Amino acid sequence: QYKIAQIYRLYLNDDNQAIKSYETLLLMYPYSKEILSAKKDMAEIYARQGNCQKAIAEYQWLVKNSRAKEREQFHYEIAMCYLKMSDTTQARIELNELRKNSTSEELTPKIHYQIANTFYLEGKLKEAIKAYDDVIRNYPEDHFAIEAKFGKAVSLEETDNLKDALSLYREILDKYANKDAVKE
């Protein structure tokens, strides 16, 4: 049943039939070892389709029923779903909770960066700049430090601090993935 769902999802690009097949698996074989994978696939499908409420429900189940490293990633996905729904307050709550408990060196800079983004999206530019600075200071070698510098430059520009914004844009011009965005 799990393989049938995967064929629909991966090879036939039919998410709706894949979901039905996963649901059949859950109903007919509730103690199957494939349940965890099926729930993960369903969450990813729902998130990709923009059905964030259903994605969150699946990710919450996964948080409760998975191992620590995976649990952190699923919790992060919950926060990203709230961000996609423009619920920056709940996204930040999830991210802050995750930040306190995270043991993942890979995930931690991302968490801090997304916290800064929530402030930016709310128009709280001073808080955003401070949060971007935390990422830059604490994770200088991480990819998200460059992303944070770009976010800080945009925030500085929006607060009419053009001199500092321009300085940051120049600093990241050759390092930032989207050079056209920096030039603009």
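Structure's up top.
Residues numbered from 1 in each chain as written. Predicted model: local features only at pLDDT ≥ 70, side-chain atom pairs only at ≥ 80, totals over all residues. Heavy atoms only, no water.

**Student:** Looking at this model, I keep getting lost on the pattern of salt bridges. Mind explaining?
**Tutor:** Two side chains that carry opposite charge are able to pair once their charged atoms sit near each other. Scanning all chains against the criterion turns up ten salt bridges. The partner of Lys 149 in a salt bridge is Glu 171, and the shortest N-O contact between them spans 2.4 Å. Separated by 22 residues along the polypeptide, Lys 149 in helix α9 (residues 143-158) and Glu 171 in helix α10 (residues 162-172) bring together distant segments of the chain. Bridged by salt links that share partners, the residues Arg 92, Glu 122 and Lys 124 form one connected network. (Salt bridge = Lys/Arg side-chain N within 4 Å of Asp/Glu carboxyl O. Helix = DSSP H or I, 4+ residues; strand = E, 2+ residues; numbered from the N terminus.)

**Student:** Looking at this structure, how should I read helix α5 (residues 68-84)?
**Tutor:** Because each turn of an α-helix spans 3.6 residues, side chains separated by three or four positions in sequence point in the same direction. The terminal C-alpha atoms of α5 lie 24 Å apart, and with 17 residues this matches the ideal 24 Å at 1.5 Å per residue to within 8%. Residues of α5 that are buried include every one of Glu 72, Phe 74, His 75, Tyr 76, Ile 78, Ala 79, Met 80, Cys 81, Tyr 82 and Leu 83, and no others. Two residues or fewer past α5, Ser 86 is found with a positive phi of approximately 65°. (Expected span 1.5 Å × (residues − 1). Buried < 20%, exposed > 50% of the residue type's maximum accessible area, 1.4 Å probe, protein only.)

**Student:** Just checking my understanding: could you explain the environment of Ala 38 for this structure?
**Tutor:** You can see Ala 38 is positioned in helix α3 (residues 35-49). Sequence-wise, Ala 38 and Lys 3 are 35 residues apart; in three dimensions their C-alpha atoms are separated by 9.9 Å. Contact partners of Ala 38, with chain neighbours within four places excluded, come to Tyr 2, Tyr 22 and Leu 25. (Contact = heavy atoms within 4.5 Å.)

**Student:** Explain a nonpolar patch on the surface to me, please; I cannot follow it from the model alone.
**Tutor:** Taken together, the side chains of Ile 7, Leu 10, Tyr 11 and Leu 12 present a nonpolar region at the surface, about 440 Å² in accessible area. Mapped onto the secondary structure, Leu 12 falls in the loop between α1 (2-11) and α2 (15-28). The class of Leu 12 is exposed, set by a relative accessible area of 51%. (Patch = residues over 30% accessible without salt bridge, like charges linked within 9 Å, V, L, I, M, F, W, Y side chains within 5 Å. Areas by Shrake-Rupley, 256 points an atom, 1.4 Å probe, with all protein chains shown as cover.)

**Student:** When you look at α10 in this model, what are you seeing that I'm missing?
**Tutor:** Taken as a whole, α10 has its buried residues at Ala 165, Leu 168, Tyr 169 and Ile 172. The buried residues of α10 occupy an angular sector of 100° when the element is viewed end-on, so they sit on one face. Looking at α10, the residues exposed on the side facing more than 90 degrees away from the buried face are Lys 163 and Arg 170. (Arc of directions from axis to C-beta.)

**Student:** Where do I start with the nonpolar core in this structure?
**Tutor:** The tendency in soluble globular proteins is for nonpolar side chains to be buried side by side. One finds Tyr 22, Tyr 59, Tyr 76, Cys 81, Leu 95 and Ile 111 to be the most contacted residues of the largest nonpolar core, which totals 44 residues. Top element by residues in this core is α5. It accounts for eight residues. Once residues lying within four places of it in the same chain are set aside, the contact partners of Tyr 59 are Ala 43, Glu 44, Ala 47, Phe 74, Glu 77, Ile 78 and Cys 81. (Core = buried A, V, L, I, M, F, W, Y, C linked by side-chain atoms within 4.5 Å.)

**Student:** In this structure, what is going on with the environment of Arg 48? I would like to understand it.
**Tutor:** Within the element layout of this structure, Arg 48 appears in helix α3. Overall, the relative accessible area of 53% leaves Arg 48 in the exposed class. With 33 residues separating them in the primary sequence, Arg 48 and Cys 81 have C-alpha atoms 10.0 Å apart.

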